[in-house]
Every structure is written in structure tokens, then in C-alpha cells.
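Chain by chain, the residues:
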Amino acid sequence: MPSFAGSAAAEPPLADSYYALLRRYGLDENNNDGDDAAHTAAVPPPVAECELPMIDVGCLTTRGGSEGEEVAACAAAIARAAEEWGFFQVRNHGVAPELLDAMRREQARLFRLPFEAKCKAGLLNDSYRWGTPTATSPGQLSWSEAFHVPLAGVSSGGGACNFGDLTALRDVTREVAGAMSKLAGTLARVLAEAALLPGGLPAVGEQRRFPEGCDETTCFLRLNRYPACPVSQETFGLVPHTDSDFLTVLCQDHVGGLQLMKGARWVAVKPIPGALIVNIGDLFQAWSNNRYKSVEHKVMTNATTERYSVAYFLCPSYDSPIGTCQEPSPYRTFTFGEYRSKVQEDVKRTGKKIGLPNFLV
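Residues numbered from 1 in each chain as written. Predicted model: local features only at pLDDT ≥ 70, side-chain atom pairs only at ≥ 80, totals over all residues. Heavy atoms only, no water.

So, about the packing of helix α5 (residues 97-111) against helix α8 (residues 167-196). Close contact between α5 and α8 brings their axes to 9 Å; oriented N to C, the two are set at 135 degrees. Classed by the angle they form, the pair α5 and α8 counts as oblique. Every pair of crossing elements has a handedness; the one defined by α5 and α8 is left-handed. Facing α5, whose interface residues are L99, L100, A102, M103, E106, Q107 and L110, α8 presents A168, L169, V172, T173, E175, V176, A179 and M180. (Axes fitted to C-alpha atoms, helices over the stretch in contact; angles between N-to-C directions. Helix = DSSP H or I, 4+ residues; strand = E, 2+ residues; numbered from the N terminus. Parallel < 35°, antiparallel > 145°, perpendicular 65-115°, else oblique. Left-handed = near helix turned anticlockwise from the far one by under 90°. Contact = heavy atoms within 4.5 Å.)

This is the structure we're talking about:
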């Protein structure tokens, strides 16, 4: 097997998985034999690098000083981006850059731990993942590792989540989760009001929480690392997918690699320092009767440089019905737990997510 840099004690055995999948397809480890179209055909190069719509949300995240017209224009820009792109960027978002820098440092320290410790020490309540256990071809393998952390333990003052000796990580994770939770809730409410116009949601003093069933304990924080991958330029850091939540808030570093489907083509998202990326999830598309778009996206690997990101997923409790902004809905009634179970069943059975089409009326 060809050697590659980075195979230290901290690295997950991604190369082993990759070459095993190549052999399963009858390829040698230099890709010289057989037909690898099953891997490459689904991975066309992006046609261009794009800048997502950039929205200044300071009028929503700071108290006082914002005029009604400013707020209305901001809300309209958010709704328009959710309809046309399914993705947008925000600045003046209320998540301090110093906090995000601290998160990046502690995240790197976490992923530098030995692979065995990450797998078996029970860190962050056994939320460590690497690669794609269900992959049956190279095109289904994600060249990445992550901690996918339920916030029920992180948000509690009792320290229910096991951080081991990583006390600084514990503190910064709670702060980041709290700040991103506040931002995600604000954006979700703006989008819901836009979908429900002219009536909108109740006034702030009498509001229901939206999305229903969501709070600081039902959501997830995912700490991602994408190791350098010299084995193939066509290897996914994260396979193409849509998010199974209402809303995702993403902080990515300068390396890049995020791509999304715009029209019928992949485009690469240009990293913007200080900005956070927001994208619509499947649940919001269903609730909005397909007005807002949950767009397929992926991460491509870098041959020489590792990439880090942090994603906050706005999710309801498992027994929460997703509902609709108005009847009739193209989707039958379903709960978040039912949706997650069906996604997991499909991935295990077919190797890929089917998602919302399973729930069409």
C-alpha cells in the first residue's frame, strides 16, 4: 500500500478503508486496473467558486437602535436567500471571533488525541465518528472524523457530557453552543414569520418557541476535522447530502472545500473570514411547503492541508411533529424521530439518504 503523510497515532485509518473499497471494485492501489466510474462519475468538478449571499444581521442580534425598515429588509434578504440558494452567509452574527478562535484551538487539541482514545475513552459521550461504516464503494466514503455531540449534556450545568481532562474544550463548547443556538433561533423565527405573512407569529411577549420542540437540549454540535488526503483528488471529505434538521449554522476555516448544488451544477463556496454560513435543512423545507430549499452539499478533501469546521444543528425533540406553515402540505405528518429513523434505515439499506421524498403525500 502506498505510504502517505499523517499516519500518526492520532489519525483514523481512512486510507485502509479507502484501499479496501478500491480492492472491492477490482482496482489496484494506483487506480490502474478496473473501471472506477462508480467513484468518479458522481464527482464532477465545480464550475466556479461562488460567494454566497452575505447578510448583515446586526439589526437582529443587537438590542435597540434598529429601525423597522432595516429589520424588514434584513428579513426579506434572509427569506430570499433561503428560497433561491438554501444557503447564505451572515456577519455581525453575535458569535464573538475570539470565541470561534478558541473553539478552533481546542478542537485541534481534541483531534490530536490518539485514535484509540478518541474511539474508546468515552469522550463527549462516545460521539466520535470517522469515515463511513456503511460505505460499499469509494464514492460513499467520507474522509473525515467528527464528534457529533448532543447538547443535552453540554448545555447542562452538571457536566453530564464527558470531556475528560479537556476542561477548556468543555467551557468553549458550551459558549459556542449557546451563541449559535441564539443565532439559529433568531434566524428560524425570521424565516417562519416570512413564510406566514401577513399574519406572522405571535408578538415576542406571547410567542411560542419556533421551531416547536426545539430548545438548547435537543440540538447537536458537530466538531469536524478533514485530514489531508493525498490518495485521490476526487475523495469526499463529506459525501453529498442534505441536512436532516431545521437550520444549520457553520463556522469553517480558511481552507475551503465546501460545495453546494446550484441549479444542476456544483459550485465551490469561497471562505469569508468572520462570516458564518447558514443553510436550510430538510425539516424547514417540509414545514415551508418547499418554499425554502434544503440543498445538497458536500466537502471535497485537500491533498496537503487539514480542514476544521464546527456545525450547529437546530433540531426538535424526537417526538415533535414537524407540521406545516399552511395546509395543504405536500408531505404527510411525521416526527423528527421518524424522519431520522427512516434516513438511517435507507443509508444502511442503499448506501445513501432518500429523505423528504419518503414522506410525500
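As a further point, take the sheet that holds strand β13 (residues 307-314). As summarised here, the arrangement of the 8 strands in space is β2-β3-β11-β8-β13-β6-β5-β4, forming an open sheet in which the pairing is mixed. For this open sheet the edge positions go to β2 (54-56) and β4 (128-130), each flanked by a neighbour on one side alone. For this sheet, the mean inter-axis angle between neighbouring strands, taken without regard to orientation, is 25 degrees. Alignment of β2 against strand β3 (residues 87-91), held across 3 bridges, turns out to be parallel. Residue pairing in the sheet places I55 in a bridge with V90 of β3. Set on the sheet, helix α4 (residues 68-84) makes contact with β2, β3 and β11 (276-280); between it and β2 the angle comes to about 155 degrees. (Pairing = 2+ DSSP bridges.)

Glancing now at the environment of P53. With respect to the helices, strands and loops of the structure, P53 is situated in the loop between β1 (49-50) and β2. Taking the C-alpha atoms as reference points, P53 and I78, 25 residues apart in sequence, are found 8.9 Å from one another. Setting aside chain neighbours within four positions, we find P53 in contact with A81, W85, F87, F88 and Q89.

What follows concerns the nonpolar core. Counting 95 residues, the largest nonpolar core has I78, M180, L247 and F284 as the members making the most contacts within it. A total of 15 residues in this core trace back to one element, the largest contributor, which is α8. With near-sequence residues (within four places) excluded, I78 lies in contact with I55, V57, L60, F88, L187, V190 and L191. By size, the runner-up hydrophobic cluster in this structure holds 11 residues, among which are A15, Y18, L21 and V231. (Core = buried A, V, L, I, M, F, W, Y, C linked by side-chain atoms within 4.5 Å. Buried < 20%, exposed > 50% of the residue type's maximum accessible area, 1.4 Å probe, protein only.)

Let us now look at the sheet that holds strand β12 (residues 297-300). The strand order across the open sheet formed by 5 strands is β1-β10-β9-β12-β7, and the pairing between neighbours is mixed. At either end of the open sheet lies a strand with only one pairing partner, and these are β1 and β7 (236-241). As paired elements, strand β9 (residues 258-262) and strand β10 (residues 265-269) share 4 bridges and run antiparallel to each other. Following the sheet pairing, K262 is matched in β10 by R265.

Here we come to the side chain of S181. Examined against the element boundaries, S181 turns out to sit in helix α8. Classification of S181 as buried rests on a relative accessible area of 13%. Setting aside anything within four residues of it in sequence, one finds S181 in contact with E216 and Y312.

What follows concerns helix α10 (residues 336-350). Relative to the 21 Å expected for 15 residues at 1.5 Å per residue, α10 spans 21 Å between its end C-alpha atoms, a close match to the ideal helical length. Among the residues of α10, those classed as buried are F336, G337, Y339, V343 and D346. Lining the buried residues of α10 we find α9 (282-287). G351, located one to two residues past α10, shows a positive phi value of around 90 degrees. (Expected span 1.5 Å × (residues − 1).)

As for its placement among the helices and strands, D282 is situated in helix α9. Here D282 falls in the buried class, since its relative accessible area comes to 3%. Of note is the side chain of D282, whose polar atom sits 3.0 Å from the side chain of T242. Setting aside residues no more than four positions away along its own chain, D282 makes contact with T242, D243, S244, D245, S294, Y339, K353 and L356. (Polar contact = N/O pair within 3.5 Å; in protein donor to acceptor, adjacent residues only side chain to side chain.)

Packing of α4 against α8 leaves a shortest axis separation of 9 Å and a crossing angle of 85 degrees. With respect to α8, the axis of α4 lies roughly perpendicular. Contacts from A75, I78, A79 and A82 of α4 reach α8 at L187, V190, L191 and A194. Among the residues forming the contact of α4 with α8, the class breakdown is 8 nonpolar, no polar and no charged. (Nonpolar A, V, L, I, M, F, W, Y, C, P; charged D, E, K, R; others polar.)

Take the packing of aromatic side chains next. Throughout the structure, instances matching the rule amount to 17 aromatic pairs. Note on F111 and Y308: the rings are 6.2 Å apart at their centroids and 50 degrees apart in plane angle, and the pair reads as tilted. Here Y308 lies in strand β13 and F111 lies in helix α5, a separation of 197 residues in the sequence. Classification of F111 by relative accessible area gives buried; the value is 2%. Judged by relative accessible area, Y308 falls into the buried class, the value being 3%. With a centroid separation of 6.2 Å and 70 degrees between ring planes, the pair formed by F115 and Y128 is classed as edge-to-face. With a gap of 13 residues between them, F115 in helix α6 (residues 115-120) and Y128 in strand β4 connect regions that are remote in the sequence. Three or more aromatic residues joined by ring pairs make a cluster, and in this case those are F111, F115, Y128, W130, F147 and Y308. In this structure, K262 packs its charged tip against the face of W85, placed 4.4 Å from the ring centre. (Phe/Tyr/Trp six-rings, centres within 6.5 Å; stacked < 30°, edge-to-face > 60°. Lys NZ or Arg CZ within 6 Å of the ring centre and 35° of its normal.)

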